[in-house]
Every structure is written in C-alpha cells, then in structure tokens.
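# Structural features, examined
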Amino acid sequence: MKHVIDIKDLSTEEIDELIKVAKDIINNKEKYAHKCDGKQLATLFFEPSTRTRLSFESAMLALGGEVIGFSEASSSSVSKGESVADTIRVVGAYSDIIAMRHPKEGAPLVASLKSVVPIINAGDGGHNHPTQTLTDLLTIHCEKNRLDNLTIGLCGDLKFGRTVHSLITAMSRYKNIRFVLISPKELVIPEYIKRNILDKNNIEYCETNDIEEYMDQLDVLYMTRVQKERFFNEDDYVRLKDYYILNKEKLEKAKEDLVILHPLPRVNEISTDVDDDKRACYFKQVEYGKYIRMALIMKLLEVE
Ligand code: NCD
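Definitions and cut-offs
Residues numbered from 1 in each chain as written. Predicted model: local features only at pLDDT ≥ 70, side-chain atom pairs only at ≥ 80, totals over all residues. Heavy atoms only, no water. Core = buried A, V, L, I, M, F, W, Y, C linked by side-chain atoms within 4.5 Å. Buried < 20%, exposed > 50% of the residue type's maximum accessible area, 1.4 Å probe, protein only. Helix = DSSP H or I, 4+ residues; strand = E, 2+ residues; numbered from the N terminus. Domains from an automatic or database assignment. Contact = heavy atoms within 4.5 Å. Pairing = 2+ DSSP bridges. Axes fitted to C-alpha atoms, helices over the stretch in contact; angles between N-to-C directions. Right-handed = clockwise from strand over helix to strand, strands pointing away. Near = heavy atom within 4 Å. Polar contact = N/O pair within 3.5 Å; in protein donor to acceptor, adjacent residues only side chain to side chain. 1 Å grid on protein atoms, 1.4 Å probe; cavity = no way out; pocket = protein on both sides within 12 Å on 5 of 7 lines; lining within 4 Å. Sits in = over half its atoms within 2 Å of the grid points. Nonpolar A, V, L, I, M, F, W, Y, C, P; charged D, E, K, R; others polar. Expected span 1.5 Å × (residues − 1). Phe/Tyr/Trp six-rings, centres within 6.5 Å; stacked < 30°, edge-to-face > 60°. Points joined across faces, edges and corners; volume = space filled by probe spheres on them.

## Some remarks on the nonpolar core
One broad rule of soluble globular proteins: the nonpolar side chains tend to lie buried together. Grouped together as the largest cluster of nonpolar side chains are 58 residues, with contacts concentrated most on L154, I168, M171 and F179. When residues of this core are assigned to their parent elements, the largest contribution, 9 residues, is made by helix 9 (residues 282–300). Taken domain by domain, this core gets at least three of its residues from each of domain 1 (7–128 + 289–300) and domain 2 (130–286). Setting aside its immediate chain neighbours within four residues, I168 contacts L154, F179, L181, I189, I193, I197 and L198. Membership of the second largest hydrophobic core comes to 20 residues, among which are I182, I211, L251 and I260.

Written out as structure tokens, the structure is:
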C-alpha cells in the first residue's frame, strides 16, 4: 500500500504519469465519472482549509466516489483527547483512502504507520504539502509545456511555507532549474532544505530580499502568504505581513510569458490589479488542483 506523505514518495516517472492522466481527465471528464464508484474518501482536517479539502472532495465526487470527514479538530473526538493513531484506525474502517491535514509536522507520517488505507498528506505544519506541489507542477506543465529549463522565483514566507518546501524538493529533480529565493531575512528558506535538497542536488540558487532584482529572468514567480499561524510573536507577523505586494509596476521588467502562481489563500501579497494580467495563473491553478487529485486518488486506489 502506498502513502503520499512527502513529494519524494512519488518518483519522477510517477509524477509524469499523474500529469499525463490529469491532462487526459481535463479533456475527457466523462471517461472518469465512475472510476471510483463505491469507494470512500475521508478528509480529516485538523487545521483550516478551503481549496485543499474541497478539491479533494470534489475530485472524489467527480470520480463517482463518496466523501466523509471533518473540517476542524473541535468537531472530532480529538477534542476528547483521542490520539491521531487511534483516529486513523477508526477512520480506516469507514473509508478506502484518507486525506489528512494537521498542524504538527510529521502527524500524517505517524498516521501512515498505523493506517490500513492509503494516507495523503494534505499539509503538515510548516513542513510539506505534496498535493499542492502536484497542483503546481501540473499548472507549470500546462502553461510552459515543460518542467525543466526554468528559473523559478519563490517569494514571501520561505521559512514556514510548506508549499515552497515541497515545490523546491520536486523541481530539484528536473534539469537546469534555477531558484531565486526572495524573502525578508527573518523568513529565509530553512537550512535543511538548502543542505539536503539544493546543495545535495547541485541546484543553482540565489537569495535576495528584493522582489524586483531578478524579475526580468524569471519564468515562474511563486508568491506566498506570510504564515500567521506559525508565528510565536504577533508583532513579528504584523511587521512582516505586507513585506511584498506584487503589483503591475513591479512586473514592468518581467517576461511576457512569466507564470505567476500562488497556492492561495492570498492576503495582501498580490494586488488585485494583477488578477487580469494574462500572466496571473493562480485561479487556473486552483482548478488544476482538482484534476491532479483525481489522478492521485485513482493511482493510490489502484484504479485502472
Ligand atoms: C497553502 C497551505 O495550506 O499550506 N494553502 C493551500 O493548501 N492551498 C498555503 C497557505 O495556507 O498559505
């Protein structure tokens, strides 16, 4: 049985196959409408979510399956003191596959050790978010027709942003990738990502706090929200939350075919006047999230 806790749980070939299937789903939705008839997905969200939970649910429904679950820890027996391990054993008796989000780093991994059904990590603390990365990869592939030879700017909260950590991990496998890491010094990328992913794979990267410095070189610009819920100190959050606001003016030197992404929710990082720029792909990205999750659910349930 396969779990997806980290994007590294999927090989490059498996990711390529998921992208291929997702593209086929986009073009032939009816072909997939009964692939998961009679199967149940449980969504266990111990932390808030809009897109990730609803896209998982909508993905399973579009495959003909059913959905159960909870969207906050307070409405489950966790509030009575039940452990994640026990919750998972129970839910495994009611479902065929589980998507789980948890504020603690490593909780989905612990769950996977006890689970009798596949577990998908839908975000664990400031650590990983593999299905957002699959969404990002599908979006980049649809927009650029390639996942290699790209200069990717990642901007905002690179310290706590789990989507950034998983995206760097995934993109580091492709040829000729360069990263421009744009953040205030308080929110730089963690050392373990630099050491274990970037340096280990000889990936070219630079760090700056100036969003405009390398703008003319970027093929992809991935904006992120400052992760309020991971701060120990409210004052630090308030000081850093509006550090970057992407607007038309800052895009002046950008390439004509730049792809602007954001995992959403957006707080203030992208001014709404950018939304109608043809390079703004963050709402398309939301839609792609459903199709890649359909492909992933089918793979983990071993549906042909
Ligand atoms: C992201 C997350 O939960 O990490 N959202 C999402 O899943 N689309 C990004 C964020 O919350 O800032």
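## Side note on the sheet that holds strand 9 (residues 259–261)
Sheet strands line up and pair through hydrogen bonds in the backbone, either parallel or antiparallel. Strand order in this open sheet of 5 strands is 7-6-5-8-9, and the pairing throughout is parallel. The outermost strands of the open sheet, each flanked by one partner alone, are strand 7 (204–208) and strand 9. The sheet shows a mean angle of 15° between the axes of neighbouring strands, direction not considered. Sheet contacts for helix 6 (residues 162–171): strand 5 (150–155), strand 6 (177–182) and strand 8 (220–223); angle to strand 5, the most-contacted strand, approximately 165°. Strands strand 6 and strand 7 of the sheet are contacted by helix 7 (residues 191–199), whose axis makes an angle of about 155° with strand 7.

## Focus: the pairing of strand 1 (residues 40–45)
Here strand 1 lies mainly inside the structure; 5 of its 6 residues are buried. Across 5 bridges, strand 1 lies against strand 2 (residues 66–70) in parallel orientation. Bridge pairing links Q40 to E66 in strand 2. Remark: the strand 1/helix 2 (residues 51–62)/strand 2 crossover connection has right-handed handedness. Pairing analysis gives 5 bridges linking strand 1 to strand 3 (residues 97–102), with the strands arranged parallel. Counterpart to F45 in the pairing with strand 3 is R101.

## Some thoughts on the site of the ligand
Around the ligand, the structure places R51, T52, R101, H129, Q132, R162, T163, R225, Q227, P263, L264 and P265. Within the backbone of P263, a nitrogen or oxygen atom sits 2.9 Å from a nitrogen atom of the ligand. A molecule is said to occupy a pocket when more than half its atoms come within 2 Å of that pocket's grid points, and by this definition the ligand occupies the largest pocket. Taken together, the elements giving at least two residues each to the shell around the ligand come down to helix 2 and helix 6. Considered class by class, the residues forming the shell around the ligand number 3 nonpolar, 5 polar and 4 charged. Residues from two domains meet in the shell around the ligand; each of domain 1 (7–128 + 289–300) and domain 2 (130–286) gives at least three.

## Side note on helix 5 (residues 130–144)
Because each turn of an α-helix spans 3.6 residues, side chains separated by three or four positions in sequence point in the same direction. Here helix 5 is 15 residues long and its end C-alpha atoms lie 21 Å apart, about the 21 Å a rise of 1.5 Å per residue gives. Of all the 15 residues making up helix 5, 12 are buried; the element is thus mostly covered by neighbouring parts of the structure. Buried within helix 5 we find P130, T131, Q132, T133, L134, T135, D136, L137, L138, T139, I140 and K144. Positive backbone phi, approximately 65°, marks N145, located one or two places after helix 5.

## Considering the packing of aromatic side chains
The tally for this structure, following the rule as stated, stands at 5 aromatic pairs. Summarising the aromatic geometry, the rings of F46 and F70 are spaced 5.2 Å apart at their centres and angled 80° between planes, so their arrangement reads as edge-to-face. Here F46, found in the loop between strand 1 and helix 2, pairs with F70, found in strand 2; they are 24 residues apart in sequence, far enough to count as distant. Judged by its relative accessible area of 10%, F46 is buried. Their ring planes at 65° and their centres at 4.9 Å tell us that Y243 and Y244 sit as a pair that is edge-to-face.

## Re empty space enclosed by the protein
Going through the model one piece at a time under the given rule, you end up with 2 cavities of 30 Å³ or more. What the largest cavity holds in volume is close to 90 Å³. Contributing to the lining of the largest cavity are 13 residues, with R51, Q132, T135, P263 and V286 lying nearest its centre. Only helix 2, helix 5 and helix 9 provide two or more residues apiece to the lining of the largest cavity. It is helix 9 that contributes the most residues to the lining of the largest cavity, 5 residues altogether. Here the residues of the lining of the largest cavity are counted per class, giving 4 nonpolar, 7 polar and 2 charged. Two domains each donate at least three residues to the lining of the largest cavity, and these are domain 1 (7–128 + 289–300) and domain 2 (130–286). In this structure, the second largest cavity occupies an estimated 50 Å³ of space. Lining the second largest cavity, in full, are G156, P184, T224, V226, L240, K241, Y243, Y244 and E269.

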